[in-house]
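A closer look at the structure
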Amino acid sequence: MSTLKPAVSEKDHTHGGQSASIEIVEFGDYQCPHCGNAYPIVKEIEETFGDQIKFIFRNFPLQEAHPLAFPAALAAEAAGVQGKFWEMHDAIYENQYRLSEDIFTELAETIGLDLDKFKEDSESDKIQQKVEDDFESGIRSGVNGTPSFYVNGTKFDGGVMDLYEMLKESAE
Amino acid sequence: MWCHTAFSGDRKLHFPLLADFEPKGAVSKAYGVYDDEVGESKRALFVIDKEGKIAWSYLSPTAVNPGADGILDALEELSKK
């Protein structure tokens, strides 16, 4: 049984109920089509369960297969420095069909970031380290594809629809 | 094996793959993970130490891709010895 390592901490980006009894961690790749398909369903899960769920996203960019996954992860983390991680996360997935090297500046402008600061943070060692730490956490936690989900620290063997079903059943 | 070459190319693998084709499944059988019913190797992981002994192994359920966490934990255990 694979477990989440390290546990969720203040370094993570969280969404939803901070003291929720269900904690879901997604390891995702911004260029992975399965993650793109899972994105609206994750949104629906968040809307359905609201504060009952605490949702966390960790980066798992498969750089060999997806050359834009790492730059995308950097962009989201850099937006996080300005308190807009989730806005960038959502904007990237919503524009996944037209990802390009130039799109991140455009998205940064759309969500209202300070562009000079965004550029500086995107290139910083600290942000790069964060993405690499997330990736290593995924490897150590037994991520075997993206997206991979962990529920309360234990790997969930199934896709996002299975996750949704499981949550609905446990809520009944 | 052309399909292995194609797979390696697509997934950008940096290590050789063993076809284990002739005699079919000989290596898989030697490790005790050959599935006679379907005629292919099961999904299993082995960590072999420097003496050539199996230090750790894991047999994954059919169709479940095992992650790399078990391998890394096993390697850490090895380096402690």
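Below, the structure is looked at part by part. (Residues numbered from 1 in each chain as written. Chains lettered and ligands numbered in written order. Predicted model: local features only at pLDDT ≥ 70, side-chain atom pairs only at ≥ 80, totals over all residues.)

So, the environment of Gly145 of chain A
What counts, and what does not: Secondary structure elements are taken from DSSP: a helix is a run of H or I of four residues or more, a strand is a run of E of two residues or more, and numbering for both begins at the N terminus.
Position of Gly145 of chain A among the secondary structure elements: in the loop between helix H6 (125-140) and strand E4 (148-151). Separated by 66 residues in the primary sequence, Gly145 of chain A and Ala79 of chain A place their C-alpha atoms 25 Å from one another.

Examining the pairing of E4 of chain A
All names here are of chain A. Test applied: Here, a strand pair is defined by DSSP locating no fewer than two bridges between the strands.
The pairing of strand E2 (residues 22-28) with E4 spans 4 bridges and is antiparallel. Residue pairing across strands places Phe27 opposite Ser148, the latter belonging to E4. Taken together, the 3 bridges between E4 and strand E5 (residues 154-156) define a ladder with antiparallel strand orientation. Within E5, the position partnered with Val151 by the bridge is Thr154.

Section: the environment of Asp114 of chain A
All names here are of chain A. Counted only if it meets this: To assign burial, the other C-beta atoms lying within 10 Å of each residue's own C-beta are counted, with C-beta atoms placed from the backbone; 20 or more indicates buried, 12 or fewer indicates exposed, and intermediate counts indicate partly exposed.
Within the secondary structure layout, Asp114 lies in the loop between helix H4 (103-110) and helix H5 (115-122). Residue class for Asp114 comes out exposed when judged on the 12 C-beta atoms lying within 10 Å of it. Linking Asp114 and Ala79, residues 35 residues apart in sequence, is a C-alpha distance of 9.2 Å.

What about H4 of chain A?
Residue and element names in this part refer to chain A. We count it as follows: By definition, the arc is the one covered by directions from the helix axis to the C-beta atoms. A residue pair is marked as a contact if its C-beta atoms, positioned from the backbone, fall within 7 Å.
Within H4 the residues assigned to the buried category are Phe104, Leu107 and Ala108. Mapping the buried residues of H4 onto a view down its axis gives an arc of 105 degrees, with all of them on the same face. Turned more than 90 degrees from where H4 packs its buried face, Glu106 and Glu109 sit exposed. Tucked inside the fold, the buried residues of H4 contact helix H2 (69-81), helix H3 (85-94) and H5. With its phi angle positive at about 80 degrees, Gly112 sits one or two positions after the end of H4.

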